[in-house]
Amino acid sequence: MHHVTPVTARTSTTAATVTALLSDIAATGTDPLRGGYTRSVYSTAELDLRTWFIDQATKRGLSVETDRNGTIWAWWDTPGGDRSNSLVTGSHLDSVPGGGAFDGPLGVASALVAVDILKAQNPIPARPLAIAVFPEEEGSRFGVACLGSRLMTGAIDPNKARNLRDPDGNTFADIAHANGLDPRYIGKDEQLLGSIGAFVELHVEQGRGLIDLDRPIAIASSILGHGRWRLSIQGQGNHAGTTLMADRKDPMVAASRMVIGIRDAARSQSHARATVGRLQPIPGGTNVIASRVDFWLDVRHPDDATTAALVQTIHNKSQLIAAEEGCTVEMTEESLSPTVHFDIGLQNQLQQALPDAPILDTGAGHDAGVLSPLVPTAMVFVRNPSGVSHSPEEHVLDEDAEIGAQALADALASLMN
Ligand code: GLV
Ligand code: MN
Ligand code: MN
C-alpha cells in the first residue's frame, strides 16, 4: 500500500448520525445544470469528498491508506495489527451525472456510524475492520463501472484500464498519475484480496422493493448481469440546407431508429432492461448533418445467456438499420458483469442478525458484485421512498438512514467473532 497517512489514536467524542454526516457534504458537487450531484472520479468534488472521508476516518482513530488502485481503506486494527480475515464495509463517493445524494455516500456515512456504534460496544475489535471507498463505481468518467474493484480483483486488464479515456480525451493512466497513483502498478491485488474475510456493503435501494414491502431495510440476494456497449455509427457529414433528404447518410437518423429497436427488443424479452442514456453526435451542430454518432447501450437480464442473445439481436438489428440509412455501425463491449448470487452463508448470517429484513434482488451494479466471486460478500439495502435513483429524486428518510447504520453495525457485530 502507498500513501500511508499517519494517524493518532484520537477518537471522536460526539456520536455522529448518518444524516449529519451527509449534511456535511450536501453542498459538495451540486450540479446547477442537471440538478442533484455530479461527482465524477478525481473531479474536485470527488476529491473533496475523499478528503472529508479521510478526515472523518482519522477523527475516529482509523488508519487511512490509499491502495495502488486508488481505493481508500480506513482500518480499525486489532491490537496485534494483523489484517488477515478482516471485515470490510464501505461503498463509493463518485456519482452519475446529476445523481442523487445517497447512491454511494449513504454506504460510506453508514459505515462511519457503524464503526462508532461498534466502538461504543467494544473499543477493541475482535477482527480487523476496514471501511473501503472505491473509485469510479459508476464508470461515469472512464466508461467502466466499478473500475476500482475490477482492478483490485483482476476483472479488468490493467493495460485496458490505463488506456481508458474520459470525455475530454484524458487517459486513466494520466489522471491516476495526476492523483498520486503510479499507473504501472494498478491491477490485481492478491495480498489485499486475500486479507478480506467478508465484505458487507450498505446501499440505498434503487427501486421500489422496500416501498412495496413497507420495510426500512433488506438483505440482498443477487444482482442482475449487466454490460455496456458503445455503438459508433459512421455516416456522411454534410450541409443541412443543401443536402436533399434522399441524398443523406445521416447517422442521427440511424441512431434514432436503433434506440427504438433496442427498446422493442428489450420489451419482447421478459425481465430484460436496455437503456440508451448517452448519445454524442459529431460534430454536433444545428445546421450540420452529423458525420458520426456514438451512443452507449446498457443491457441487463438475470440470465447471462439471455443478455448475450439480446445483445446479439441488437447488434444484428443495428447493422440492418445502418445499411438502410447508408451508414456503417461498429459495436464494442466496454464492460460485462455476470449475474451475481451473493454468498449464501454470509446472507444467512446477516439474516440471523437482522431477522426482520426481507431478501431482495437488484438490477443495480455494485462493487460488492465485482468482489463477490473472490470474497464472501453481502449487501444491505435501505428504503428509498421515491423509488427513483440515478436522479436528484433519489431519497432516504433520516430515520431509515439511522436504522440502516444500526443494521450495518449489528450485521458487522455478528461477524466480529
Ligand atoms: C450502477 O449504479 C449501475 O447499476 O449502473
Ligand atoms: Mn452505487
Ligand atoms: Mn449508481
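Here the structure is a predicted model, which means the values were calculated and not measured.

S.K.: Sorry, what's going on with the pattern of salt bridges here?
M.R.: Oppositely charged side chains can form a pair if their charged atoms are brought close together. What the rule picks out here adds up to 17 salt bridges. In this structure, the salt-bridge partner of Arg 141 is Asp 166, at a minimum N-O distance of 2.8 Å. Remark: Asp 166 occurs in the loop between α5 (158-162) and α6 (172-178) and Arg 141 occurs in the loop between β5 (129-134) and α4 (147-153); sequence separation between them is 25 residues. On the basis of relative accessibility, which here comes to 15%, the residue Arg 141 falls in the buried class.

S.K.: I keep staring at the pairing of strand β3 (residues 72-76) and nothing clicks. Help me out?
M.R.: Every other side chain in a regular strand lies on the same face of the sheet, so the side chains alternate between the two faces. Burial runs high along β3: five of the five residues are buried. Of the two faces of β3, the one holding Ile 72, Ala 74 and Trp 76 and the one holding Trp 73 and Trp 75 are both buried throughout. As judged from the four bridges shared by strand β2 (residues 63-66) and β3, these two strands associate in the antiparallel manner. For Val 64, the partnering residue across the bridge sits in β3 and is Ala 74. Connecting β2 to the antiparallel partner β3 that follows it, the hairpin turn spans five residues, and Gly 70 within it adopts a positive phi of roughly 90 degrees.

S.K.: What am I meant to see in the coordination of the manganese ion (ligand 2) here?
M.R.: When four donors bind a metal tetrahedrally, each ideal donor-metal-donor angle is 109.5 degrees, and when six bind octahedrally, the ideal angles are 90 or 180 degrees. Here the manganese ion (ligand 2) is held by His 92 (NE2), Asp 103 (OD) and His 203 (NE2), and the distances to it run 2.0 to 2.2 Å. Between the two metals, the manganese ion (ligand 2) and the manganese ion (ligand 3), the spacing is 3.6 Å, and Asp 103 donates to both. With His 92 in strand β4 (residues 86-92) and Asp 103 in the loop between β4 and α3 (105-121), the pair connects residues that are 11 residues apart, well separated along the chain. The same class applies to His 92 as to Asp 103, namely buried.

S.K.: Help me out: how do you make sense of the packing of aromatic side chains in this one?
M.R.: To describe a pair of aromatic rings, one takes the distance between the centres and the angle between the planes. Tallying each qualifying case throughout the model produces four aromatic pairs. Here Trp 73 and Trp 75 contribute two aromatic rings whose centre-to-centre distance is 6.1 Å and whose plane-to-plane angle is 15 degrees, an arrangement assigned as stacked. Given the relative accessible area of 0%, Trp 73 is considered buried. Taking the relative accessible area as the measure of exposure, Trp 75 reaches 2% and is therefore buried. Judged by centre distance (5.9 Å) and plane angle (85 degrees), the rings of Phe 134 and Phe 199 are edge-to-face. Of the two residues, Phe 134 is situated in strand β5 and Phe 199 in strand β6 (residues 196-204); the sequence distance between them amounts to 65 residues. A connected cluster of aromatic rings, assembled from ring pairs, spans Trp 73, Trp 75, Phe 134 and Phe 199.

Thresholds, definitions, all that
- Residues numbered from 1 in each chain as written.
- Chains lettered and ligands numbered in written order.
- Predicted model: local features only at pLDDT ≥ 70, side-chain atom pairs only at ≥ 80, totals over all residues.
- Heavy atoms only, no water.
- Salt bridge = Lys/Arg side-chain N within 4 Å of Asp/Glu carboxyl O.
- Helix = DSSP H or I, 4+ residues; strand = E, 2+ residues; numbered from the N terminus.
- Buried < 20%, exposed > 50% of the residue type's maximum accessible area, 1.4 Å probe, protein only.
- Pairing = 2+ DSSP bridges.
- Donors = N, O, S within 2.8 Å, 3.2 Å for Na, K, Ca; no water.
- Phe/Tyr/Trp six-rings, centres within 6.5 Å; stacked < 30°, edge-to-face > 60°.

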